[in-house]
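# Remarks on the overall topology
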Amino acid sequence: MKKTIGMFAHVDAGKTTLAEQLLYMTDTIQERGRVDHQSAFLDSHDIEKERGITVFADQATMQFNGSIYYLIDTPGHVDFSPEMERAIGVMDAAIVVISAVEGVEGHTETVWHLLRKHGVPTFFFINKIDRVGADVPRVLEEIRHELTEDACMITEEDVLHEGVMQSSLIEAIAERDEKLLELYMEQGYEVSQWLDTMTAMIREGQLFPCFSGSALQNMGVTHFLHQLDLLTVTDYDPGADFAGRVYKIRHDEQGTRLTYIKAMGGTLQVRDEIVYVSGAEMIREKVTFIRLINGGRVTNTDRVHAGDLFVVTGISAAAAGDGLGALSGRTAYELVPTLKSKVLFESSIHPKDMLRGFRLLDAEDPSLSVQWDEPAQAIHIHVMGIIQLEVLERIVFERFGYRISFGEPEILYKETITEDVVGCGHFEPLKHYAEVHLRLEPGERNSGIVFANACHPDVLPVNYQHLVAQHVGERDHHGLLTGSPVTDIKITLLKGRAHNKHTHGGDFREATYRALRQGLEKASNRLLEPYYHFKAKVDVEHIGRLMSDLTQAKANFEPPETSGDKVTVTGSAPVSTMMNYSMELAAYTKGRGAISLVYGGYGRCHNEADVIDRKGYDKNADPEYSSSSIFCAKGSGYAVPWDEADRHMHV
């Protein structure tokens, strides 16, 4: 049986140490590495060793009890959480490591939300029980209160692989299954039936086993591995047609593109052809090499089977999340950067050379959203935080030999509308023709752009309808207030028109963009900004300062909760007012206070007028967009302003 297991945790909870212990116990490595000794098997990059954090989602292979395990160690720092999310889509189960001292922290909640979104069976390991201040019962209560009521402790007395279950575990399971409860009350329990039920409940997200121990001292780890092995089951079909999911892109030292794939079904061999969709294009490409990755070790192979993780060359355009072969569609990722920064470099470096390097990085990390500003000859990227910028400086120097820095990060704003409107766009210069009518409606917050089609084929042929859908989704569209991307809008194609002779490629792009822009002109527009969900914990003596700071930061928060000499406040606040608050809090509490900041989506901008004034966007001077329509008369085209265009439309 083949199983892909992901390792997750907040920074310093001991995730990588637990991974090292598991690899050592299964004879994958001969010596246990340590993060603080810069010797961890899975933190093999110099950046990771020096910083003591996991930056890249690296993998190792181990064998235990007849099963092959692919272990993926994911980043624990919030700045690298998009890398973590991309790996989740290929996991059969997850291990969430929580410190027995610090308990549930901000990144733990982010991880939990994503694992539930993707339906990944999850196990908790409460680590560092040997540390001063460790309190397993308290942390278990935190898990149940803040993450899930279905967390169930499995102690070392519950030796499931030997058929031993304590009454507390039996009762916890029986409470979640009425038939088992009746059977238990009448006949007691029969271990194989209960294990089958437990395994099914874990797979269906109805039960989340918890374990405790110390990865560093090898306490509880052997017990945990045995139960994990027993309670995780996969059923990949090697006899099916090949189906795969891309979860990572990298490039080797020669610049060759490496595509990391999980085989969801079937078998793949060198020289086999893989079929996939990139954009709207169906692509067929042959695999030239297949490689297996185990930490820093690379092995060539001719064939892989369902359940395997591997790397191929020969695939030129597939991106992280793409389905391959019999697996169609693309995984939608949730975590998005909230900051934008300009790349600064010496004038001796040609901007296009620098751009080529960043295009490679963009393929590896699509959340960077690398943008080229042609008039300014400048490169802008999107990032999660300051630490990511520092790491990128190092990566660019090591890979491309360029010394760079970054401009002061700016908030990534977005725009939306507050009312239903219909926008029309007509594009008819000489020998061109397209017309599009779109209904724009406010969508749910953080829903993005949703496209719908209410156009009958008799009104506009289906192939042109597909073009409109493609152009709506092919890029971010500028809003009117600051030129920021529009979001949280449902866009419905109502009707349109083409010309048998004069409609050419690009005409429907022009008409679609103009219809969207005209709709924005008609609507009431609103500026949005990113928000953090926060949890701040300080000594009682500092609660007054904290409350004052949160009020000034335009935060919304719940009444403080006091426990002993500590006070906890939870709520949400704009990223712009809170992005540097962690350092300020640490300073005035002398390191005794803590705050976790988790991306919480977009909400109404708290200082809209100030931002609009500062941005100084001129909607009428945007070279990429116009709300006017182009009509034709007497052999030449002429522009009609958006507020006069409706009465000129042809349908």
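Residues numbered from 1 in each chain as written. Predicted model: local features only at pLDDT ≥ 70, side-chain atom pairs only at ≥ 80, totals over all residues. Heavy atoms only, no water.

### Examining helix H7 (residues 178-187)
Stated precisely, the cut-off is as follows: The rule is simple: take the accessible area with a 1.4 Å probe, protein chains only, and divide by the maximum for that residue type; under 20% is buried, over 50% is exposed, in between is partly exposed. Every helix listed is a DSSP run of H or I at least four residues long, and every strand listed is a run of E at least two residues long, numbered separately from the N terminus.
Little of H7 is tucked away: one of the 10 residues are buried. Once H7 finishes, Gly188 follows within two positions and takes phi at roughly 80 degrees, a positive value.

### Structural notes on the side chain of Gln465
Rules: Here a polar contact means two N or O atoms within 3.5 Å. Within protein one must be a hydrogen donor candidate and the other an acceptor candidate, and residues neighboring in sequence count only if both atoms are side-chain atoms. Contacts between residues were defined by any pair of non-hydrogen atoms, one from each residue, lying within 4.5 Å.
Summarising the element assignment, Gln465 is placed in helix H12 (residues 462-473). A polar side-chain atom of Gln465 sits 2.7 Å from a polar atom in the side chain of Asn453. In this structure Gln465 touches Asn453, Cys455, His456, Pro457, Leu460 and Leu493, once residues within four positions along its chain are discounted.

### Quick notes on the sheet that holds strand E9 (residues 257-265)
The condition that has to hold: When DSSP finds at least two bridges between two strands, those strands are taken to pair. To get an axis, fit a line to the C-alpha atoms, keeping to the stretch in contact for a helix; angles then go from 0 to 180 degrees between the N-to-C directions.
Ordered by their spatial adjacency, six strands build an open sheet running E14-E13-E16-E9-E8-E17, and the pairing between neighbours is antiparallel. Edge positions in the sheet fall to strand E14 (297-301) and strand E17 (323-325), since each has one partner strand and no second. The average angle at which neighbouring strand axes cross in this sheet is 40 degrees, direction not considered. Bridge count between strand E8 (residues 243-251) and E17: three bridges; the pairing is antiparallel. Bridge pairing in E17 links Gly244 to Leu324.

### Overview of the pattern of salt bridges
Note that side chains of opposite charge can pair when their charged atoms are close. Going by this rule: The term salt bridge refers to a side-chain nitrogen of Lys or Arg lying within 4 Å of a carboxyl oxygen of Asp or Glu.
Under the definition given, this model contains 32 salt bridges. One salt bridge in this structure joins Lys619 and Glu521, with 3.0 Å as the shortest N-O distance. With Lys619 in the loop between helix H17 (608-615) and strand E33 (629-633) and Glu521 in helix H13 (residues 507-522), the pair connects residues that are 98 residues apart, well separated along the chain. By relative accessible area, Glu521 is classed as buried at 10%. Across the salt bridge formed by Lys522 and Asp646, the nearest N and O atoms sit 2.8 Å from each other.

### A closer look at the sheet that holds strand E7 (residues 208-212)
Pairing within the open sheet is mixed, and its seven strands lie in the order E2-E3-E1-E4-E5-E7-E6. Here the strands that pair on one side only, and so sit at the sheet edges, are strand E2 (58-64) and strand E6 (151-153). Averaged over all pairs of adjacent strands, the angle between their axes in this sheet comes to 25 degrees, without regard to strand direction. Of the pairings in the sheet, the one linking strand E1 (residues 2-9) to strand E4 (residues 93-99) comprises five bridges and is parallel in character. From the neighbouring strand, Phe8 faces E4, where its bridge partner is Val96.

### Section: the packing of aromatic side chains
Operational definition: Stacked, edge-to-face and tilted labels apply to pairs of Phe, Tyr and Trp rings (six-membered ring for Trp) whose centres lie within 6.5 Å, assigned for plane angles under 30 degrees, over 60, and everything in between, in that order. Any Lys NZ or Arg CZ that is within 6 Å of a ring centre and within 35 degrees of that ring's normal is treated as a charge sitting over the ring.
If you walk through the whole model with that rule in mind, you get nine aromatic pairs. For the ring pair Phe211 and Phe224, a centre distance of 5.0 Å and an interplane angle of 65 degrees mean the geometry is edge-to-face. Of the two residues, Phe211 is situated in strand E7 and Phe224 in helix H9 (residues 221-231); the sequence distance between them amounts to 13 residues. Assigned by exposure class, Phe211 and Phe224 land together as buried. Centre to centre, the rings of Tyr599 and Tyr602 are 6.5 Å apart; their planes meet at 75 degrees, and the pair counts as edge-to-face. Looking at Tyr599, the relative accessible area reads 18%, which means it is buried. Through successive ring pairs, a cluster of aromatic residues spans Trp112, Phe124 and Phe208. Across from the ring centre of Tyr260, 4.4 Å away, lies the NZ or CZ of Lys248, which sits over that ring. The positively charged end of Arg291 is found above the aromatic ring belonging to Phe289, 5.4 Å away from the centroid.

### Section: the packing of H12 against H13
The relative placement of two packed helices comes down to the angle between their axes together with the axis-to-axis distance. Here is the rule: Small angles under 35 degrees read as roughly parallel and large ones over 145 as roughly antiparallel, with 65 to 115 read as roughly perpendicular and the rest as oblique. By convention, the crossing between two helices is left-handed when the near helix turns anticlockwise from the far helix through less than a right angle, and right-handed when the turn is clockwise. In this classification, the charged set is Asp, Glu, Lys and Arg, the nonpolar set is Ala, Val, Leu, Ile, Met, Phe, Trp, Tyr, Cys and Pro, and all remaining amino acids, among them Gly, are polar.
Put simply, H12 and H13 touch, their axes get as near as 9 Å, and they point 60 degrees apart. Comparing their axes, H13 and H12 come out oblique. As H12 packs across H13, the resulting crossing turns out to be right-handed. Contact residues: H12 offers Tyr464, Leu467, Val468, His471 and Val472, while H13 offers Phe508, Arg509, Thr512 and Tyr513. Looking at side-chain class alone, the contact of H12 with H13 contains six nonpolar, two polar and one charged residues.

### Describing the environment of Gly325
Inspection of the secondary structure assignment puts Gly325 in strand E17. Classification of Gly325 by relative accessible area gives partly exposed; the value is 38%. In sequence terms Gly325 and Gly244 are 81 residues apart; their C-alpha atoms lie 6.5 Å from each other. With near-sequence residues (within four places) excluded, Gly325 lies in contact with Phe242, Ile274 and Val275.

### Observations regarding the environment of Asp79
Its place among the elements puts Asp79 in the loop between strand E3 (67-73) and helix H3 (81-88). Separated by 308 residues in sequence, Asp79 and Ile387 have C-alpha atoms that sit 6.6 Å apart. Ignoring anything within four residues of it in the chain, the contact list for Asp79 reads Met384, Gly385, Ile386, Ile387 and Gln388. A distance of 3.0 Å separates a polar side-chain atom of Asp79 from the backbone nitrogen of Gln388.

### Some remarks on the side chain of Glu521
Reaching out from Glu521, the side chain makes a polar contact with the side chain of Lys619 at a distance of 3.0 Å. Once residues within four sequence positions are removed from consideration, Glu521 is found in contact with Leu480, Lys619, Ser627 and Trp642.

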